[in-house]
Every structure is written in C-alpha cells, then in structure tokens.
Amino acid sequence: MNSASPTNNVVLMRGYDMAVIGLDIVTAVFRAIYTQSVAEIQRDTLILSALGGTDGQPGKSRRIRYLTEREKHDSIALDTTFFNRAWELWVREVDAAATGELYRNSLGSPL
C-alpha cells in the first residue's frame, strides 16, 4: 500500500456492514472473516460482563481485560503466512459447496 492508503484495515459502516482491505485477496478475506468472529466474541464478553463478576453474581466486577498496547503491537506484527492455511480451507469449502460435496454423508442413512 502507498502513503495514501488508509491507516486502518477495517472500517465499520453504520447501517451497512464493513469494508476490509489487504495487500492481497487472502489477507482481505482473512481479516473479514476474523473481524466478524472477534466482534461476536467481544459482544458476548460485554454481555457476560454486564451479567456478573468473577464470582458469577450479577452486579459485581464488570472489568474486561483488553489487550495491552504491547499485545496489540505483537498481534499486528505477526507474520501473515499463517493466513494461507485458512485460505486453503476456505477454497476447499467453496469448491465443495459448488459441487454439492460440502456435507457428504459417506456412512449412509442411519435408518
């Protein structure tokens, strides 16, 4: 990306969805899928923290431990080659879905 590129890789658009960028399609798809997954985890964490504290009782500690600045930096600095493993799985799933082979029961009917 050049100097005119955005400073963030994901932008949430109220009333729509999100937009994701990456150096290539693999990175962009990875970010899109995992952004949604992490957002769901964060939503659930916020709900659970509002319901109870460390002892499980409502109204107690509502403290959530977010990533530290160092943890954020380290996660951003990760080598993105591990994206390829997820990408290969997604490609196989799309190919299988296109041929109707995604959920093939090789064991036969239980009846």
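Being a predicted model, the structure only gives us computed values, none of them experimental.

1. Overview of the packing of helix H1 (residues 25-51) against helix H3 (residues 83-99)
- Interhelical geometry of H1 versus H3 gives an angle of 85° and a closest axis separation of 10 Å. Put simply, H1 runs roughly perpendicular to H3. Along the contact surface, H1 presents Ile25, Val26, Thr27, Val29, Phe30, Ile33 and Tyr34, while H3 presents Phe83, Asn84, Ala86, Trp87 and Trp90.
- Among the residues forming the contact of H1 with H3, the class breakdown is 10 nonpolar, two polar and no charged.

2. As for H3
- The end-to-end C-alpha distance of H3, which contains 17 residues, comes to 25 Å, matching closely the 24 Å that a straight helix rising 1.5 Å per residue would cover.
- Looking at H3, one finds that the buried residues are Phe83, Ala86, Trp90 and Ala96. Looking straight down H3, one finds its buried side chains confined to an arc of 160°; they lie on one side. Opposite the packed face of H3, turned more than 90 degrees from it, sit the exposed residues Arg85, Arg92, Ala98 and Thr99.
- Phi turns positive one or two residues past the end of H3, at Gly100, with a value near 75°.

Calculation criteria
Residues numbered from 1 in each chain as written. Predicted model: local features only at pLDDT ≥ 70, side-chain atom pairs only at ≥ 80, totals over all residues. Heavy atoms only, no water. Axes fitted to C-alpha atoms, helices over the stretch in contact; angles between N-to-C directions. Helix = DSSP H or I, 4+ residues; strand = E, 2+ residues; numbered from the N terminus. Parallel < 35°, antiparallel > 145°, perpendicular 65-115°, else oblique. Contact = heavy atoms within 4.5 Å. Nonpolar A, V, L, I, M, F, W, Y, C, P; charged D, E, K, R; others polar. Expected span 1.5 Å × (residues − 1). Buried < 20%, exposed > 50% of the residue type's maximum accessible area, 1.4 Å probe, protein only. Arc of directions from axis to C-beta.

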